[in-house]
Amino acid sequence: MVLPGLVEPDGLIVRRRPIPTAAAGQALIRVEASGVSFAEQGMRRGRYPGQPKFPFVPGYDLVGTVAAVGPGVDAALLGTRVAALTKTGGWTSHAVLAANTLVPVPAGVGPAEAETVVVNGLTAWGLLHRKARVRRGQTVLVHGANGGVGTVLVQLARHAGVRVIGAASPRHHDALRALGVEPVDYADPDALVARVRELAPGGVDAVFDNIGGATLHRSWQLLAPGGTLVSYAIASATKGTGALAPRFIALLARLAAWTMLPNKGRRATFYHVWSGHRMHAARFRAHLRQDLSTVLGLLADGTLTAEIGARFPLAEVGAAMRLAESHTVRGKVVLLP
Ligand SMILES: NC(=O)c1ccc[n+]([C@@H]2O[C@H](COP(=O)([O-])OP(=O)(O)OC[C@H]3O[C@@H](n4cnc5c(N)ncnc54)[C@H](OP(=O)(O)O)[C@@H]3O)[C@@H](O)[C@H]2O)c1
């Protein structure tokens, strides 16, 4: 599925090409599942930092079976189910990827289920355990608690013994309660702040903020002494106009300033799932493998539930994107080639 330029969700094009061949160090994957991430909402608008030039194949991650391996790759990989973080290129029937970036999917975990925790699981784990370093007994606020990342994040936090307040539309509140979350509505920002203060009068130990703008300031104000604000996107800027780079620079400067000023030991930081992949490639791959294996293991043993918002055939990606952008979905919209 090719994103040809700035288009509405129905503007993606099916292209047919010969199946690629795995070169040295690579594996050919027969894709069994990919998914719609928030990133593609930005990419189709030309508003995802660092996206490739049009045309390109989107698809932030994939799950599939190894169909062939290139020279130098262990033949034992053949026929195994693997997961991969791609950023782009996942919306395809076959993909050639570096074999050392593939992570085995445990037996018994289906492709659609595994798909819900690839970029979302890596991100959620990184936010919780690599950035905020949450501890049992703490309280956190999760914005976007019904989203793809959010539904994994709240489950991982509960598993770590953390109390979770989750911001989401009321339509999702019962389902979030079933995951052990205390839901709050985000429609009225002042009401959200008041409700969080009521639930956590001393402040929360961490806030996970993908919204940015005025929400980020409120997130910082809601932190307890010693707490951590982890910003990880500016969703509020995805549909806007104007250059994104200055907004990101201003965001990073704001987080640094908050951390440096006297602030009762509070810390503000930014998380990016790709951070370090160029400068520290080997360490990046090791963390990716370790974190994704852990999260897939928690899915396999039933600790995590795969929150699948909807399943679509890959060729119906336009409908899948429209649903993903409808502000009605809980969990991950999965694409099946
Ligand atoms: N930094 C990283 O490494 C990294 C990695 C992966 C994802 N992300 C970010 O993580 C976020 C979630 O990604 P996803 O794929 O899970 O997306 P998703 O499934 O579409 O979920 C988006 C969530 O954010 C909420 N949201 C969006 N715009 C909002 C706004 N203006 N105000 C309040 N809530 C809003 C949505 O609520 P409604 O359903 O009510 O609209 C939903 O809960 C995105 O912002 C994405 O860019 C960052």
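Computed from a prediction, not measured in an experiment: that's the story for all the values here.

**Thoughts on the pairing of strand 1 (residues 26-36)**
- By the criterion of burial, strand 1 is predominantly enclosed, with nine of the 11 residues buried.
- Relative to strand 4 (residues 94-98), strand 1 runs antiparallel, the two being bridged by five bridges. Within strand 4, the residue paired with Ala 27 across the bridge is Leu 97.
- Alignment of strand 1 against strand 2 (residues 61-69), held across six bridges, turns out to be antiparallel. Looking at the pairing, Ala 27 lines up with Val 69 of strand 2.
- Where strand 1 lies against strand 13 (residues 332-336), three bridges are found, and the strand directions are antiparallel. Counterpart to Ser 34 in the pairing with strand 13 is Leu 335.

**Regarding the packing of helix 3 (residues 119-132) against helix 9 (residues 281-300)**
- Viewed as axis vectors pointing N to C, helix 3 and helix 9 meet at an angle of 105 degrees, and their least axial separation amounts to 9 Å. By the angle class used here, helix 3 and helix 9 are roughly perpendicular. Note on element contacts: helix 9 touches helix 3 through His 287, Leu 288, Gln 290, Asp 291, Leu 292, Thr 294, Val 295 and Leu 298, opposite Gly 121, Leu 122, Trp 125 and Arg 130.
- Broken down by class, the residue content of the contact of helix 3 with helix 9 amounts to six nonpolar, four polar and two charged.

**Looking at the nonpolar core**
- Ranked by size, the top nonpolar core spans 73 residues in total, and within it Tyr 60, Trp 91, Leu 156 and Phe 208 carry the most contacts.
- Apart from the residues within four sequence positions on either side, Leu 156 is in contact with Gly 121, Ala 124, Trp 125, Leu 128, Val 295, Leu 298 and Leu 304.
- Counting 24 residues, the second-largest nonpolar core is a separate cluster that includes Val 196, Trp 220, Ala 237 and Phe 270.

**Observations regarding the pairing of strand 2**
- Bridge analysis of strand 2 against strand 3 (residues 81-85) gives five bridges, and the strand direction is antiparallel. Each residue of the ladder has a partner; that of Val 63, found in strand 3, is Ala 83.

**Some remarks on the sheet that holds strand 9 (residues 204-209)**
- Strands sit in the order 8-7-6-9-10-11 across an open sheet of six strands; the sheet is parallel. Strands with a single pairing partner mark the edges of an open sheet, and in this sheet they are strand 8 (181-184) and strand 11 (267-270). Going from strand to strand, the sheet's axes swing by 20 degrees on average, the running direction of each strand aside.
- Relative to strand 10 (residues 223-231), strand 9 is paired through five bridges, and the arrangement is parallel. What sits directly across from Ala 206, in strand 10, is Thr 228.
- Along the sheet, helix 4 (residues 148-159) contacts strand 6 (139-142), strand 7 (163-167), strand 8 and strand 9; its crossing angle with strand 7, the most-contacted strand, is approximately 165 degrees.

**Quick notes on the domain arrangement of the protein**
- As assigned here, the protein comprises domain 1 (9-116 + 306-336) and domain 2 (120-270).
- Measuring from the centre of the C-alpha atoms in domain 1 to the corresponding centre in domain 2 gives 27 Å.
- Facing 16 residues of domain 1, the contacting portion of domain 2 comprises 22 residues.
- Among the residues of domain 1 in contact with domain 2, Arg 47, Glu 307 and Arg 330 are the three that bury the most area, contributing 38% of the side total.

**A word on the site of the ligand**
- As a matter of local geometry, the ligand sits amid 19 residues, with Asn 146, Val 149, Tyr 186, Val 273 and His 327 nearest to it.
- Between an oxygen atom of the ligand and a side-chain N or O atom of Asn 146, the distance comes to 2.7 Å.
- Between an oxygen atom of the ligand and a side-chain N or O atom of His 327, the distance comes to 2.5 Å.
- Its free accessible area being 920 Å², the ligand has 85% of it covered by the protein chains.
- Partitioning the shell around the ligand into residue classes produces nine nonpolar, 10 polar and no charged.

**With respect to helix 8 (residues 245-260)**
- Taking 1.5 Å as the rise per residue, helix 8 with 16 residues should run 22 Å; its terminal C-alpha atoms sit 23 Å apart, in good agreement.
- Every buried residue of helix 8 is accounted for by Leu 251, Leu 255 and Trp 258. Down the axis, helix 8 shows its buried residues gathered within 70 degrees of arc, on one side only. Along helix 8, the residues that are exposed and aim more than 90 degrees away from the buried face are Ile 249 and Met 260.

**Describing the packing of aromatic side chains**
- In total, this model carries five aromatic pairs according to the counting rule given.
- Between Tyr 48 and Tyr 60, the aromatic rings sit 6.2 Å apart at their centres with planes inclined by 75 degrees, giving edge-to-face as the arrangement. Of this pair, Tyr 48 sits in the loop between helix 1 (38-43) and strand 2 while Tyr 60 is found in the loop between helix 1 and strand 2, placing the two residues 12 residues apart along the sequence. Each member of the pair, Tyr 48 as well as Tyr 60, is classed as buried.
- Consider the rings of Trp 220 and Trp 258, whose centres lie 5.1 Å apart with planes at 5 degrees: the pair is stacked.

**Topic: the pattern of salt bridges**
- Enumeration according to the criterion identifies 12 salt bridges in this entry.
- A salt bridge links Asp 174 to Arg 177, with the shortest nitrogen-to-oxygen separation between them at 2.8 Å. Taken together, the residues span about one helical turn, with Asp 174 and Arg 177 both in helix 5 (residues 173-178) at a distance of three residues.
- Sharing partners across several salt bridges, the network here consists of Glu 8, Arg 44, Arg 45 and Glu 325.

Thresholds, definitions, all that
- Residues numbered from 1 in each chain as written.
- Predicted model: local features only at pLDDT ≥ 70, side-chain atom pairs only at ≥ 80, totals over all residues.
- Heavy atoms only, no water.
- Buried < 20%, exposed > 50% of the residue type's maximum accessible area, 1.4 Å probe, protein only.
- Helix = DSSP H or I, 4+ residues; strand = E, 2+ residues; numbered from the N terminus.
- Pairing = 2+ DSSP bridges.
- Axes fitted to C-alpha atoms, helices over the stretch in contact; angles between N-to-C directions.
- Parallel < 35°, antiparallel > 145°, perpendicular 65-115°, else oblique.
- Contact = heavy atoms within 4.5 Å.
- Nonpolar A, V, L, I, M, F, W, Y, C, P; charged D, E, K, R; others polar.
- Core = buried A, V, L, I, M, F, W, Y, C linked by side-chain atoms within 4.5 Å.
- Domains from an automatic or database assignment.
- Buried area = accessible area lost by both parts, 1.4 Å probe.
- Near = heavy atom within 4 Å.
- Polar contact = N/O pair within 3.5 Å; in protein donor to acceptor, adjacent residues only side chain to side chain.
- Areas by Shrake-Rupley, 256 points an atom, 1.4 Å probe, with all protein chains shown as cover.
- Expected span 1.5 Å × (residues − 1).
- Arc of directions from axis to C-beta.
- Phe/Tyr/Trp six-rings, centres within 6.5 Å; stacked < 30°, edge-to-face > 60°.
- Salt bridge = Lys/Arg side-chain N within 4 Å of Asp/Glu carboxyl O.

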